[in-house]
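# Survey of secondary and tertiary structure
Listed below are the residues making up each chain.
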Amino acid sequence: MVRTRLAIMCCIGLSGTAHSAPPLEVYGGLPGVELLSLSPAGDKYALVAVVGETRRLAVLSYDGQLLSAAAVGVAKVRDIRWAGADHLLVDIESTFKAPLMFSQDYELSTVINVDLVKRKATAIFSHMESVANAVFGLYGIARVKEHLYGYFGGISYERTGSGDYVFTHGYWDLYRVDLDTAETSREALGDESGRHWVVSPDGNVIARSEYSERAGQWRLYAGPGHGKPLLERTDPQGDIGIIGLGRNSGTVLVADDAGDQDVVEEVSLADGKSEELFGDSTVQGYLYDRDSMQLIGAMTQEEPRALFFDPALLARFKGARQAFPGLNVELISYGRHLDRLIVKTDGGTDSGTYWLVDIASGKAMPVARPYPMIKDADVGPTRRIHYVAGDGLGIEAILTLPPGHEAKNLPLVVMPHGGPIGINDEIGFDWWAQAYASRGYAVLQPNYRGSSGYGRAFRQAGFGQWGRKMQTDLSDGVAALAKDGIIDAKRVCIVGASYGGYAALAGVTLQKGVYRCAV
């Protein structure tokens, strides 16, 4: 992958490098640490460390003492989350080799329940003959009569007359699993409508949604059973979903991306009335209370990068950010009441650092670096630039310059982001951009119309503009840099993946003479 993406260097001319950079493999390799999660009490944290292609799960005390470690292997770890004080739920994804009758392989997820007291790790459903050894969603965690339960989606096998279990359908039911004993019971039935549930912290199924692909109808119900829908929406593409609990008991959160505007709504289970939350903000993730699991805020692309309904929590988050002036600060995990946090910084000359932040003492302690071999001097300076598109629309872009080079007559890599909806590029350490910069290239990452983070009007300005104004937004940035003498307009390549890959191909087919190559 690294060799392919960096092969463009032979096409547009390698700029002379006075700076001695790390090997490209350092940039293209997996980060040394991938996931971190703070326990609800904030007294310990878990992380996934990467050595080569293998991963290890480690649990440490707040002061850094190793409490537990286990090999994960080469499986893809998608998430780690705490269930109570003594259990970790590790989401793992792996490729399932389908039988010859199927035309493709599948990515299947499972959840490993790590019991830190018993020092035992068990896959959810692995002991069940009647349930497939895969997990289709976590719908809640509840403590009921001193038992800690997780609620998971599982595909039930059908039993034949001979007593064997066989696979007959692809939808899942809702199962309750005792995380201490692995005792499992089926709590609600699924069907072909693709049901999802919300479970309260006391173990009750308080809401259910279903989606009819054939009819293009999405419905929300109160409780686990049928009845009159609280909410019914037309959704041809399946872009409406129930997210979890709302701010108060008796409410749930619904994300509706089916229309021209992405909307997040809190819905009352008593009467179906809804209230839009987060307004014009671009939500990247939701924040929940560590005990009640009620909604307390959301991560956003716009400043201040997180919104909290409680002003005290917002003040704590802003205070933590102010401890790192000049750097990007991302909230990674938090304990009860945000007394302790894990944040990640990058930008400037920081290639990325994870910190434990204690609000009471006002102290921050570095705990991990994803790219420890990339030193401060190896990081190319990054800044926001602004230019005007051909129709007068203002465009913001991220410009990364090679370390130790004068910003003059440089070869350029244009790197449009994917998506395009719901995504933008930010100031900070981008391993791909920094790899090019380390070899003497300037890198331009335009947030062309259609990008998120600039309000709905800017995002909607990209509708219908693939290969048109979204494309010229990129080349207008090239022209602006050439006019300022920063880049050599004869040595420009365009590189991208997903929508960025489309833009790369469109750049050399629809706009002759702008780019010397495309990847």
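Above: the structure in question.
Everything numeric in this text was worked out from a predicted model, so none of it was measured.

Definitions and limits used
- Residues numbered from 1 in each chain as written.
- Predicted model: local features only at pLDDT ≥ 70, side-chain atom pairs only at ≥ 80, totals over all residues.
- Heavy atoms only, no water.
- Pairing = 2+ DSSP bridges.
- Helix = DSSP H or I, 4+ residues; strand = E, 2+ residues; numbered from the N terminus.
- Axes fitted to C-alpha atoms, helices over the stretch in contact; angles between N-to-C directions.
- Core = buried A, V, L, I, M, F, W, Y, C linked by side-chain atoms within 4.5 Å.
- Buried < 20%, exposed > 50% of the residue type's maximum accessible area, 1.4 Å probe, protein only.
- Contact = heavy atoms within 4.5 Å.
- Parallel < 35°, antiparallel > 145°, perpendicular 65-115°, else oblique.
- Nonpolar A, V, L, I, M, F, W, Y, C, P; charged D, E, K, R; others polar.
- Disulfide = S-S within 2.5 Å.
- Patch = residues over 30% accessible without salt bridge, like charges linked within 9 Å, V, L, I, M, F, W, Y side chains within 5 Å.
- Areas by Shrake-Rupley, 256 points an atom, 1.4 Å probe, with all protein chains shown as cover.
- Salt bridge = Lys/Arg side-chain N within 4 Å of Asp/Glu carboxyl O.
- Polar contact = N/O pair within 3.5 Å; in protein donor to acceptor, adjacent residues only side chain to side chain.
- Expected span 1.5 Å × (residues − 1).

## Section: the sheet that holds strand E15 (residues 196-199)
A sheet is described by the order of its strands in space; here four strands give the open sequence E15-E16-E17-E18, paired in antiparallel fashion. The strands lining the two open edges of the sheet, one partner per strand, are E15 and strand E18 (231-234). The mean angle between the axes of side-by-side strands here comes to 15 degrees, regardless of whether they run parallel or antiparallel. Of the strand pairs in this sheet, strand E17 (residues 217-222) and E18 are connected by four bridges, and their pairing is antiparallel. Across the sheet, the residue bridging to glutamine 217 is threonine 234, located in E18.

## Observations concerning the nonpolar core
Leu412, Leu481 and Ile487 are the most contacted members of the largest nonpolar core, which has 26 residues in total. Taken together, the elements giving at least two residues each to this core come down to strand E30 (382-388), strand E31 (394-400), strand E32 (410-414), strand E33 (442-447), helix H7 (469-483), strand E34 (487-494) and helix H8 (499-509). The leading source of residues in this core is H7, at four residues. If we ignore the near neighbours within four places in the chain, the residues touching leucine 481 are Ile385, Leu399, Leu412, Leu444, Ile486 and Ile487. In terms of nonpolar packing, the next biggest core, distinct from the first, is built from 18 residues, Leu287, Ala306, Ala320 and Val329 among them.

## What about the sheet that holds strand E19 (residues 240-245)?
On the basis of which strands lie adjacent, the open sheet formed by four strands has the order E19-E20-E21-E22 and antiparallel pairing. The open sheet has two edge strands with one neighbour each: E19 and strand E22 (274-277). Between one strand and the next, the sheet's axes are offset by a mean angle of 30 degrees, whatever the strand orientation. Where strand E21 (residues 263-268) and E22 come together, four bridges link them in antiparallel fashion. By the bridge assignment for E22, valine 267 is matched with serine 274.

## Thoughts on the packing of H7 against H8
Helix-helix packing is characterised by the crossing angle of the two axes and by the distance between the axes. Contact pair H7 / H8: the axes reach a minimum separation of 10 Å and the direction vectors enclose 75 degrees. One way to sum up the angle between H7 and H8 is to call them roughly perpendicular. Mapping the contact onto sequence places Met470, Gln471 and Leu474 in H7 and Tyr499, Tyr502, Ala503, Ala506 and Gly507 in H8. Of the residues belonging to the contact of H7 with H8, the class tally is six nonpolar, two polar and no charged.

## Quick word on the state of the cysteines
Scanning the model with the defined rule gives one disulfide in all. The side chain of cysteine 493 participates in a disulfide bridge whose partner is cysteine 517; the two sulfur atoms lie 2.4 Å from each other. Between cysteine 493 and cysteine 517, the disulfide has an S-S torsion of -130 degrees and is therefore left-handed. Pair noted here: cysteine 493 is in strand E34 and cysteine 517 is in strand E35 (residues 517-518), with a separation of 24 residues, a long-range link. As far as burial versus exposure is concerned, cysteine 493 and cysteine 517 are alike and both buried.

## Some remarks on the pairing of E32
Of all five residues making up E32, five are buried, and the element is well covered by its neighbours. Note: E32 against E34, four bridges, orientation parallel. Bridge pairing in E34 places leucine 410 opposite isoleucine 487.

## Looking at a nonpolar patch on the surface
A surface patch of nonpolar side chains, amounting to about 310 Å² of accessible area, comprises Trp466, Tyr502 and Leu510. Inspection of the secondary structure puts tryptophan 466 in the loop between helix H6 (456-460) and H7. Tryptophan 466 gets classed as partly exposed once you look at its relative accessible area, which sits at 41%.

## Some points on the side chain of asparagine 113
Position of asparagine 113 relative to the elements: it lies in strand E7 (residues 106-115). In this structure the side chain of asparagine 113 is engaged in a polar contact, spanning 2.9 Å, whose partner is the backbone oxygen of leucine 179. Once you skip the residues sitting within four places of it in the chain, asparagine 113 turns out to touch His87, Leu88, Leu89, Lys120, Ala121, Thr122, Ile124 and Leu179.

## Section: the pattern of salt bridges
All told, the structure shown has 24 salt bridges when counted by the stated rule. Where aspartate 391 meets arginine 449, a salt bridge forms, and the shortest distance between an N and an O atom there is 2.8 Å. Separated by 58 residues along the polypeptide, aspartate 391 in the loop between E30 and E31 and arginine 449 in the loop between E33 and H6 bring together distant segments of the chain. Given the relative accessible area of 42%, aspartate 391 is considered partly exposed. Assessed through its relative accessible area of 4%, arginine 449 is described here as buried. Across the salt bridge formed by arginine 491 and aspartate 488, the nearest N and O atoms sit 3.2 Å from each other. Of the residues examined, aspartate 488 reaches a relative accessible area of 16% and is grouped as buried. The network of salt bridges with shared partners includes Asp191, Arg195, Arg208 and Glu210.

## Quick look at H7
In this model, H7 (15 residues) spans 20 Å end to end at C-alpha, consistent with the 21 Å of a helix rising 1.5 Å per residue. Listed as buried for H7 are Met470, Gln471, Asp473, Leu474, Ser475, Gly477, Val478 and Leu481. Looking at the buried side of H7, the elements it contacts are E30, E31, E32, E33, E34 and H8. Remark: glycine 485 follows H7 within two positions and exhibits a positive phi of approximately 80 degrees.

## Quick notes on unusual backbone geometry
One can expect most non-glycine residues to show negative phi and most peptide bonds to be in trans. Between glutamate 303 and the following residue, proline 304, the backbone shows a cis peptide bond with an omega angle of 5 degrees. Assignment of secondary structure puts proline 304 in the loop between strand E24 (295-300) and strand E25 (306-308). Proline 420 follows glycine 419 through a cis peptide bond whose omega is -5 degrees. Mapped onto the elements of the fold, proline 420 is located in the loop between E32 and helix H5 (431-438). The phi dihedral of lysine 145 is positive, around 50 degrees, even though this residue is not glycine. Looking at the secondary structure, you find lysine 145 in the loop between strand E9 (138-144) and strand E10 (147-154). On the basis of relative accessible area, lysine 145 is assigned to the exposed category, the value being 77%. Positive phi, normally seen in glycine, also occurs at methionine 293, with a value near 60 degrees. For methionine 293, the position within the fold is in the loop between strand E23 (283-288) and E24. Judged by its relative accessible area of 35%, methionine 293 falls in the partly exposed class.

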